[in-house]
Amino acid sequence: MSMLTPPGMGGQYRITGDKYPRMRPSRRRGRLAAAVVASTAVLGLVGWGTLQLIDVFTGGGGTSTASGAGTHCRTKAAAAPVARVQPLPQPGRITVNVYNATKRTGLAKSTADELKKRGFRIGNVGNATKQYDKKVKGTGMLLGSPAAQDTSLKVLGTQLAGAEARADGRKGADLDLIIGDAFKGLADRVAADRTLTALTEPQPPATAKKAC
């Protein structure tokens, strides 16, 4: 009997040689353990990916804390309340006197005709008085009563870009349009109508509002 043979083992269980037998685990059990580990890893990756997708589509809605740390808010556009404005009169209710304060002839007549086409009422047409004759350097000057500053003068101002608006001591509702040296014509009719629409129907500005 060899010295390597364990006690009580003989005959067909005799071990010969100079090495102990190696006890190896079953290959089937090893494969099963590997499969379990691989499945766990795959499930972990799937779960992590799902959380990332949820975070992307929901804007990362984290739990709110007392200090605000970790809180994700989505910004929404909210319309600011529309401020009440004084109604503006239609051009057909505004009477305009047109005066020429330049050295060029015929400007008062041609300008009055164009204003009439745009729906304004026309009053007096002619040369400017000595107070303004040859003294208006800009495109023109608009004159009206103090009450007309925020109403009819604004409407007339849409027709002449760069015109200076002033209030004088008149009592009536008529307006004066005095043509100045830099005058090259009334504003483009389409642009003037667009500006007038913006005055009569102001759009509320959008303000940012955070929703958490």
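Under an unreviewed UniProt entry, the name given to the protein is Membrane protein, and the source organism is Streptomyces capoamus.

## Re helix H4 (residues 189-200)
When the terminal C-alpha atoms of H4 are compared, their 16 Å separation across 12 residues agrees well with the 16 Å that a helix rising 1.5 Å per residue should span. The opening residue of H4, the one whose side-chain oxygen lies 3.1 Å from the backbone nitrogen of Val190, is Asp188.

## Some words on the sheet that holds strand S3 (residues 121-127)
Taken in spatial order, the 5 strands line up as S3-S2-S6-S4-S5 in an open sheet, and their pairing is mixed. The outermost strands of the open sheet, each flanked by one partner alone, are S3 and strand S5 (164-167). The sheet shows a mean angle of 20° between the axes of neighbouring strands, taken without regard to direction. With 4 bridges connecting them, strand S4 (residues 140-144) and strand S6 (residues 175-179) associate as antiparallel partners. Its bridge partner lying in S6, Gly140 is registered against Ile179.

## A word on unusual backbone geometry
The phi dihedral of Lys134 is positive, around 65°, even though this residue is not glycine. Tracing the backbone through its elements, the reader meets Lys134 in the loop between S3 and S4. Residue classification places Lys134 among the partly exposed positions, given a relative accessible area of 36%.

Cut-off values and rules
- Residues numbered from 1 in each chain as written.
- Predicted model: local features only at pLDDT ≥ 70, side-chain atom pairs only at ≥ 80, totals over all residues.
- Heavy atoms only, no water.
- Helix = DSSP H or I, 4+ residues; strand = E, 2+ residues; numbered from the N terminus.
- Expected span 1.5 Å × (residues − 1).
- Polar contact = N/O pair within 3.5 Å; in protein donor to acceptor, adjacent residues only side chain to side chain.
- Pairing = 2+ DSSP bridges.
- Axes fitted to C-alpha atoms, helices over the stretch in contact; angles between N-to-C directions.
- Buried < 20%, exposed > 50% of the residue type's maximum accessible area, 1.4 Å probe, protein only.

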